[in-house]
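Chain and residue survey
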Amino acid sequence: MTSCHRRTAQAIAVDVRAGRVSALDICRSAIAHIEQLGSERSGFTRIFEERALHRAKAIDNTVLAGLDPGPLAGVPFGVAEMFDVAVERTMAGAQIRSGARLSAADAKSIQMLERAGAILIGTQNMDEFGYGFEGVNALSGTSINPHDEKRLAGGACGGSAVAVASEAVPFSLGFDANGQLRVPAALCGIIGFKPTHLDFSRQGTYPFVPSLDDVGPLTRDLDDLMLVRDVLRDFAPEKCAIPRGDLRFGRFGGWFDQNLDVEFRTLIQNLVSAVGGRTTELQHAELARAAASLITGAEAANLHRTMVTRTPMGYEPATRDRFLAALLMPADDYLQAKRFQYWAGGQAEKQFEYNDVYIVPAVPGSGSAPLIEDPTIMFDGVVRTARSYLGTFTQPISLIGLPTLVVPLVHDGALPLGIQLVAAPGADALLFAAARQLFETGLVAVPKLP
Amino acid sequence: MDSEEEKSFQKPTRSSVRSRLAEAGYEVPDNCIDGIIENLVVLQKHAQTVRRLPLDERHELAPKYFP
């Protein structure tokens, strides 16, 4: 196995465009790496070898013809099982979909990335239908954290994070309604991006929570992430300007601090102090988390009502019971949560009059990945399931549609710790400016594999 | 408007869940009932939390819903 694919997307594309390395070699190298790691350690559930090699040859022929295959030329990537891939089943991590119709076309985001020269290698593991924060799936197994094999990668897009952290591919595409890509990005020590709600096309993705779902990339490199984002936005102009002076950082304390271990909280406080930030509070964060849970239950259960009531035993028990319970939820509770969501969005916008970017822990407690054998975390002084509680700090942010970038904190411990950088709706560009500042000052960095 | 009082929710029982499922027209195997109860209790707690905030009746629904 070569390691020519274990580089940044930009480095690969530069060499492929210049004809110094072939897209075919890059793809073969990535596929060999994935096969060597196996499914649980690579994050991949299916490899589309014939399709990928065919596409790689086309990229190489384009270069040979003196033409430009695009800014992501020859860059291999994977997608969570939520994305449609032409002539394949969109499994959504669910055994019950093994008889589903084959997809007629690739998801729009895959089409955009491949038009820019990237090459889809395969699909990646996720919690069933996206409902869980562990990265555990009865059909495809458990996504194993590359920083400690005894620990969870997090979920739902655990496979997508593992694939990037293990250097099988430079980037993955995941989805996020409540933290599905932010939680595993944090636990695996990589960068994960949830855009302003609906900034990227969701066309051709299997829905989970229609009013919260978003698509987003995971990478090891900030410039790679910005390039992938440009491609997914079709190089549309930014919706906000970067301030000329220093960025104003803030930190959400209050409810978030109450469920953070002292060590993790101190690390975040030190980082915020280093960039001149102050601690403030996200009003009603606890309510936002509760509202997100109600909306998630109601909308997801509604989508599955026919299937889960006809064939309940076809689902994993935890997903099934959540859906069935949510089907009995009073409509009033859902509507109250929706009214709160709208109200909270308006309130949150006011917070950005004082600061450009807020820093929030990605995961409660110690901030690090729970053990596979004991998938629990402490919350409110009680032992809770990681499946439900790992996303407690990501849920309030996405409920109000705020763009969020997860980056790994620099610290002395062995396990990655992620923080969320949060901006106002449409101010996604500020997140990249903020992240650039934190990377350049050495406060955040993608940790090396052990 | 005052905050809605925190009232204790009656915990669902196997019998009440069976009735609610039947009223909604769902037939569910018996071995799902305990899991449904567990999740209903979680949803009740979330509902109780959200009800703590008094929203004015003129606070509209979120305008965007994409079915």
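Numbers given for residues are sequential positions, taken from 1 along each chain in its written order. Naming scheme: in the order in which they are written, chains are lettered from A and ligands are numbered from 1. Whole-chain, interface and lining totals are the exception, using all residues; otherwise, since this is a predicted model, local features are given only for residues with pLDDT of at least 70 and side-chain atom pairs are given and counted only at 80 or more. To obtain the side-chain values, all non-hydrogen atoms of the structure were included, while hydrogens and water were left out.

Here a strand is any run of E in DSSP of at least two residues, a helix any run of H or I of at least four, and the numbering for each starts at the N terminus. What chain A contains, in helices and strands, is 16 helices and 15 strands. When we talk radius of gyration, it's over C-alpha atoms, and the globule rule is simply 2.2 Å times the number of residues to the 0.38. The C-alpha atoms of chain A give 21 Å as radius of gyration, which agrees with the globular expectation for 450 residues (22 Å, within 12%). The principal-axis extents of the C-alpha atoms in chain A amount to approximately 60 × 60 × 40 Å. Any residue under 20% of the maximum accessible area for its type is buried, any over 50% is exposed, and the rest in between are partly exposed; the area is computed with a 1.4 Å probe on protein chains only. For chain A, the proportion of its 450 residues judged to be buried stands at 63%. Working rule for contacts: check all heavy atoms of both residues, and any pair within 4.5 Å makes them a contact. Sequence separation of at least 24 residues holds for 76% of the intrachain contacts in chain A that already meet a minimum separation of 6. Throughout, the Shrake-Rupley method with a 1.4 Å probe supplies accessible areas, and for residues the shown protein chains are the sole cover considered. Within the structure as shown, chain A displays about 15,700 Å² of accessible surface, and the carbon and sulfur contribution to it stands at 50%.

A pair is scored as a salt bridge if a Lys or Arg side-chain nitrogen falls within 4 Å of a carboxyl oxygen belonging to Asp or Glu. Considering all chains together, one arrives at 26 salt bridges over all chains under this definition. Residue glutamate 149 of chain A pairs with arginine 41 of chain A through a salt bridge whose shortest N-O separation is 2.8 Å. Residue glutamate 149 of chain A is found in the loop between β5 (141–142) and α6 (158–165), and its partner arginine 41 of chain A is found in helix α3 (residues 39–42); the two are separated by 108 residues along the sequence. A relative accessible area of 34% means that arginine 41 of chain A is categorised as partly exposed. In this structure, the salt-bridge partner of aspartate 30 of chain B is arginine 18 of chain B, at a minimum N-O distance of 3.0 Å. Pair noted here: aspartate 30 of chain B is in the loop between α1 (14–24) and α2 (33–51) and arginine 18 of chain B is in helix α1, with a separation of twelve residues, a long-range link. For aspartate 30 of chain B, a relative accessible area of 43% translates into the label partly exposed. In this structure arginine 18 of chain B comes out as partly exposed when scored by relative accessible area, which is 37%. Each of Asp199, Arg229, Arg233, Glu238 and Lys239 of chain A takes part in salt bridges that share partners, so that together they form one network.

The next subject is unusual backbone geometry. All names here are of chain A. Geometrically, the link from glycine 155 to alanine 156 is a cis peptide bond, its omega value of 10° lying close to zero. Mapped onto the secondary structure, alanine 156 falls in the loop between β5 and α6. One non-glycine residue with positive phi stands out, namely valine 87, at about 60°. Mapped onto the secondary structure, valine 87 falls in the loop between β2 (76–80) and α5 (108–115). Taking relative accessible area as the criterion, valine 87 reaches 57% and is therefore assigned exposed.

In this section: the pairing of strand β8 (residues 214–219) of chain A. Along any regular strand, the residues point their side chains to alternate faces of the sheet. All names here are of chain A. With six of six residues buried, β8 is to be regarded as a mostly interior element. Going residue by residue along β8, you find Asp214, Gly216 and Leu218 tucked away on one face and Val215, Pro217 and Thr219 tucked away on the opposite face as well. Strand pairing is defined by DSSP finding a minimum of two bridges between the two strands. Bridging between strand β7 (residues 191–194) and β8 involves two bridges; their strand directions are antiparallel. Directly across from isoleucine 191, in β8, lies its bridge partner threonine 219.

Okay, the pairing of β7 of chain A next. Residue and element names in this part refer to chain A. Of the two faces of β7, the one lined by Ile191 and Phe193 and the one lined by Gly192 and Lys194 are each fully buried. Bridge count between β7 and strand β14 (residues 404–408): three bridges; the pairing is antiparallel. From the neighbouring strand, glycine 192 faces β14, where its bridge partner is valine 406.

To count as a disulfide, a pair of cysteine sulfur atoms needs to be within 2.5 Å. This structure, assessed with the given rule, holds zero disulfides over all chains. For cysteine 4 of chain A, which is in no disulfide, the shortest distance to another cysteine sulfur is to cysteine 27 of chain A and amounts to 9.4 Å.

The next subject is α6 of chain A. Residue and element names in this part refer to chain A. Burial analysis of α6 places eight of its eight residues in the buried class, the great majority of the element. When we look at burial in α6, the residues that qualify are Gly158, Gly159, Ser160, Ala161, Val162, Ala163, Val164 and Ala165. Just downstream of α6 lies glutamate 167, where phi reads positive at about 65°.

All names here are of chain A. With mixed pairing, the eleven strands of this open sheet are ordered in space as β1-β3-β2-β6-β8-β7-β14-β15-β11-β9-β10. The open sheet has two edge strands with one neighbour each: β1 (44–47) and β10 (278–280). Within the sheet, the average angular offset between the axes of one strand and its neighbour, ignoring direction, is 30°. Here strand β6 (residues 171–176) runs beside β8; their pairing, made up of six bridges, is antiparallel. Across the sheet, the residue bridging to phenylalanine 171 is threonine 219, located in β8. Here α5 sits on the sheet in contact with β2, β3 (119–124), β6 and β8, set at roughly 175° to β2. Here an angle of 0 to 180 degrees is reported between the N-to-C directions of two axes, which are lines fitted to C-alpha atoms, with helices fitted over the stretch in contact.

Residues and elements named next belong to chain A. To pair, rings of Phe, Tyr and Trp, with the six-membered ring standing in for Trp, must have centres within 6.5 Å; the planes then decide the type, stacked if under 30 degrees apart, edge-to-face if over 60, and tilted in the middle. Taken as a whole, this structure holds 19 aromatic pairs over all chains when the rule is applied. The interplanar angle of 40° and the centroid separation of 5.5 Å between the aromatic rings of tyrosine 131 and phenylalanine 323 together place this pair among those described as tilted. Of this pair, tyrosine 131 sits in the loop between β3 and β4 (136–137) while phenylalanine 323 sits in helix α12 (residues 317–327), and the two are 192 residues apart along the sequence. Considered together, tyrosine 131 and phenylalanine 323 belong to a single accessibility category, that of buried residues. With a centroid separation of 5.3 Å and an interplanar angle of 80°, the aromatic rings of phenylalanine 352 and tyrosine 358 are classed as edge-to-face. Neither phenylalanine 352 nor tyrosine 358 differs from the other in exposure class; each is buried. Cluster of aromatic residues (ring-pair linked, three or more members): Phe252, Trp255, Phe256, Phe352, Tyr358, Phe379, Tyr389 and Phe393. Should the NZ of a Lys or the CZ of an Arg lie within 6 Å of a ring centre and within 35 degrees of the ring normal, that charge is described as sitting over the ring. In this arrangement the basic side chain of arginine 289 is found over the ring face of tyrosine 389, its NZ or CZ atom lying 4.6 Å from the centre.

Once that is clear, we can look at the nonpolar core. Throughout, nonpolar core names a set of buried Ala, Val, Leu, Ile, Met, Phe, Trp, Tyr and Cys residues whose side chains join them through atoms within 4.5 Å. Residues Leu72, Leu113, Phe340, Leu405 and Leu421 of chain A together with Ile36 of chain B are the most contacted members of the largest nonpolar core, which totals 169 residues. Looking at which element gives the most residues to this core, the answer is helix α11 (residues 285–310) of chain A, with twelve residues. Apart from residues lying up to four places away in sequence, phenylalanine 340 of chain A is in contact with His284, Leu287, Ala288, Ala291 and Leu399 of chain A together with Val50, Leu53 and Leu55 of chain B.

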